[in-house]
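Report on the structure
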Amino acid sequence: MNVYDSARIADVLAPLGYAPTDDPAAADMIILNTCHIREKAAEKVYSELGRLRPLKDRPGTRNGRVMIAVAGCVAQAEGEEILRRTPFVDIVLGPQTYHRLPEMVARAERAAGAVLDTDFPADPKFDHLPGPAAGAEGSSAFLTVQEGCDKFCTFCVVPYTRGAEYSRAVADVLREARCYASAGVREITLLGQNVNCFHGEAPGGGEWGLGRLIAEVAEIEGIERIRYTTSYPADMDDALIAAHRDVPELMPFLHLPVQSGSDRVLAAMNRRHGSDDYRRLVDRLRAARPDLALSSDFIIGFPGETDGDFRATLELVKDVEFTSAYSFKYSPRPGTPASLEDQVDDAVKSERLAELQSLLDEQQKRFNDRCIGREMTVLFDRPGRHPGQLVGRSPYMQAVHAQAPRPLLGSLQPVMITAGSANSLSGTLTDRAVA
Ligand code: 5AD
Ligand code: SF4
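This report concerns the structure included in the present document. In this convention, every chain numbers its residues from 1, walking through the sequence in written order. Chains carry letters and ligands carry numbers; both start at the beginning, A for chains and 1 for ligands, and go up in the order they are written. At least 70 in pLDDT is required for a residue's local features to be given in this predicted model, at least 80 for side-chain atom pairs to be given and counted, and no such filter applies to totals for whole chains, interfaces and linings, which use all residues. As a rule here, side-chain values cover all heavy atoms of the structure and leave hydrogens and water aside.

**What to know about the overall build of the protein chain**
Counting from the N terminus, the helices are DSSP H or I runs at least four residues long and the strands are E runs at least two residues long. Helices and strands together make up the secondary structure of the protein chain, namely 13 helices and 19 strands. Rg of the C-alpha trace for the protein chain: 23 Å, near the compact-globule value of 22 Å for 435 residues, within the 12% margin. Taken along its principal axes, the extent of the C-alpha atoms in the protein chain is 60 × 60 × 50 Å. Put simply, the protein chain has 435 residues, and 52% of those count as buried. Across the protein chain, the fraction of contacts at a sequence separation of at least 24, relative to all contacts at a separation of at least 6, is 71%. In short, Shrake-Rupley with a 1.4 Å probe defines the accessible areas, and a residue's cover is counted only from the protein chains shown. Roughly 19000 Å² of accessible area belongs to the protein chain as shown, and the carbon and sulfur atoms make up 51% of that amount. Asp and Glu are treated as the negative residues and Lys and Arg as the positive ones, with His and the ends of the chain left uncounted. Positions of charges follow a simple convention, taking NZ of Lys, CZ of Arg, CG of Asp or CD of Glu. Computing the positive centroid from 49 side-chain charges and the negative centroid from 61, the protein chain places the two 3 Å apart. The size measure is the radius of gyration over C-alpha atoms, and the globule rule it meets is 2.2 Å times the number of residues to the 0.38 power. Exposed residues in this analysis have more than 50% of their type's maximum accessible area, buried residues have under 20%, and partly exposed residues fall in between, with area computed by a 1.4 Å probe over protein chains only. Residues are treated as being in contact if the distance between any of their heavy atoms lies within 4.5 Å.

Below, the structure is given as structure tokens:
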């Protein structure tokens, strides 16, 4: 979501004459867009700001100094503290106010002191964003349809930093999707912290859920692939499961975080489902789309997690067979209600994490091996490291490398998979490939 937000930040600043650069030393303005989800995020921001400090007084900048802004969830959580600890920062803004950046920049330019805006405006930022810059998105784009969260999992800061759950209106989402399609985007990933609880105002009144929205995005000329992330298991409804059966553009890959396989830990996390509910949900999804590949998130060492709880997580992983996954050691987050007692020893966390990751790696490798000899459609989205090579994504989100002429960049092509490694596949274009 921060990638999406950063692109929108570039959009709102474009009319002021700002354009992105890859070189911080050449920049008139530097914006750190920050994430607060795990560990030491705030400390990393302060040390990065320390590194940027010497750039501040570069001569010949547009405002007589390099403007430095801190955006995103660390800015939301830290607020004034950032201005106190790093007084050379000009602007601090939360994730819900970046549409107001032009006026913040104007205020900061007048040098009337630093600007702080960490409101949760009643009037959502989406109503004020300009359209995306033509061609800026490449062949695959993110599109935020839902934001914020009311679930309050006991380990998570999101409800405090991103704010209350909110769905954009369907017409607004479709307008943005059409805009991407006409700029050459072939794949759209619908985004939200809880994207599957999307309930946007429908064009003819009432509300649509995510399944209906996906079917409508699939109708847009040029959009050939749809994905969505991240989903909350207890909110997977029948219409969304049916979309996996009925909408060919919806890719057979789903990131469905489960966090733990222990019912006791799931209850302490306030996840609102047990491990067998998750197994049954996976069965229903696979009945709808038999080739569905699943990935997940896991938290290891949640307070009070016993060896038995951890074994239950391993059992769930074995039962489901994930094709990729992210796993993290639990880190206490400020303001969250998870117990401060019963912390799991760090050495134990490390041991469990290594064991889980080696099981997940095996599953990923097994899945990649099973792909050898299959033909897959690949969306080429970047040049490879070797000359004449392009890299793209399979329907199952694997990176696929192939020798392919440059004009195929940005298109979907048939590729015969010839080799698989732990993290990627390689293959050759079939003779049906066309520019
Ligand atoms: N500690 C460790 N991992 C966390 N996540 C969220 N909060 C924490 C935390 N306090 C993980 C969850 C979530 C992913 C985005 O980050 O697994 O699904
Ligand atoms: Fe955080 Fe996701 Fe739980 Fe919301 S549903 S509190 S974003 S982990």
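From this point, the discussion proceeds with the structure in view.
**Some thoughts on the pattern of salt bridges**
Within this document, salt bridges are pairs made up of a side-chain nitrogen of Lys or Arg and a carboxyl oxygen of Asp or Glu, the two lying within 4 Å of each other. Applying the stated criterion across every chain, the model contains 36 salt bridges. A salt bridge links Asp309 to Arg264; its shortest N-O distance comes to 2.6 Å. Placement of Asp309 in helix H12 (residues 307-320) and of Arg264 in helix H10 (residues 263-268) is noted, with a sequence separation of 45 residues between them. The partner of Glu305 in a salt bridge is Arg352, with the nearest N and O atoms 2.8 Å apart.

**As for the packing of aromatic side chains**
Stacked, tilted and edge-to-face are the three classes applied to pairs of Phe, Tyr and Trp rings, where Trp contributes its six-membered ring and a pair requires centres within 6.5 Å; stacked means planes under 30 degrees apart, edge-to-face means over 60, and tilted covers the rest. On inspection of all chains with the given rule, the structure shows six aromatic pairs. Seen from their ring centres, Phe126 and Tyr166 are 6.1 Å apart, and the 5° between their planes marks the pair as stacked. Here the residue Phe126 occupies a position in the loop between strand E4 (115-117) and strand E5 (140-144), and Tyr166 occupies one in strand E7 (residues 166-167), the gap between them amounting to 40 residues. The exposure class of Tyr166 is partly exposed, given its relative accessible area of 29%. Residues Phe298 and Phe322 carry aromatic rings whose centres are separated by 5.6 Å and whose planes lie at 85° to one another, so their mutual orientation is edge-to-face. Taken together, the residues span a long stretch of sequence, with Phe298 in strand E13 (residues 293-300) and Phe322 in the loop between H12 and strand E14 (324-329) at a distance of 24 residues. As far as burial versus exposure is concerned, Phe298 and Phe322 are alike and both buried. An aromatic cluster of at least three residues, connected via ring pairs, comprises Tyr278, Phe298 and Phe322. A cation over an aromatic ring shows up here: Arg8 above the ring of Tyr4, its NZ or CZ 4.7 Å from the ring centre. Think of it as a cone above the ring: NZ of Lys or CZ of Arg counts as a charge over the ring if it is within 6 Å of the ring centre and within 35 degrees of the ring normal. A cation over an aromatic ring shows up here: Arg62 above the ring of Tyr18, its NZ or CZ 3.9 Å from the ring centre.

**Details of the state of the cysteines**
Any two cysteine sulfur atoms within 2.5 Å of one another count as a disulfide. By the definition in use, this model includes zero disulfides. In this structure Cys35 is a free cysteine whose sulfur lies 6.5 Å from that of Cys73, the closest cysteine sulfur available. Judged by relative accessible area, Cys35 falls into the partly exposed class, the value being 47%. Of all cysteine sulfurs in the structure, the one in Cys149 sits closest to Cys197, which takes part in no disulfide; the separation is 7.3 Å. Residue Cys197 is classed as buried on the basis of its relative accessible area of 15%.

**Concerning the packing of helix H1 (residues 2-13) against helix H5 (residues 101-109)**
Helix axes are fitted only over the stretch in contact, all axes being lines through C-alpha atoms; the angle between N-to-C directions runs from 0 to 180 degrees. Across the interface, H1 lies against H5 with an axial gap of 9 Å and an inter-helix angle of 60°. Only Leu101, Pro102 and Val105 of H5 make contact with H1, whose side of the interface consists of Ile9, Val12 and Leu13. Grouping the amino acids of the contact of H1 with H5 by side-chain chemistry returns six nonpolar, no polar and no charged. Lys, Arg, Asp and Glu make up the charged group, whereas Ala, Val, Leu, Ile, Met, Phe, Trp, Tyr, Cys and Pro make up the nonpolar group; the residues left over, Gly among them, are polar.

**Structural notes on the side chain of Thr323**
Tracing the backbone shows Thr323 in the loop between H12 and E14. Those residues in contact with Thr323 that sit more than four places away from it in its chain are Phe253, Ala293, Leu294, Gln364 and Phe367.

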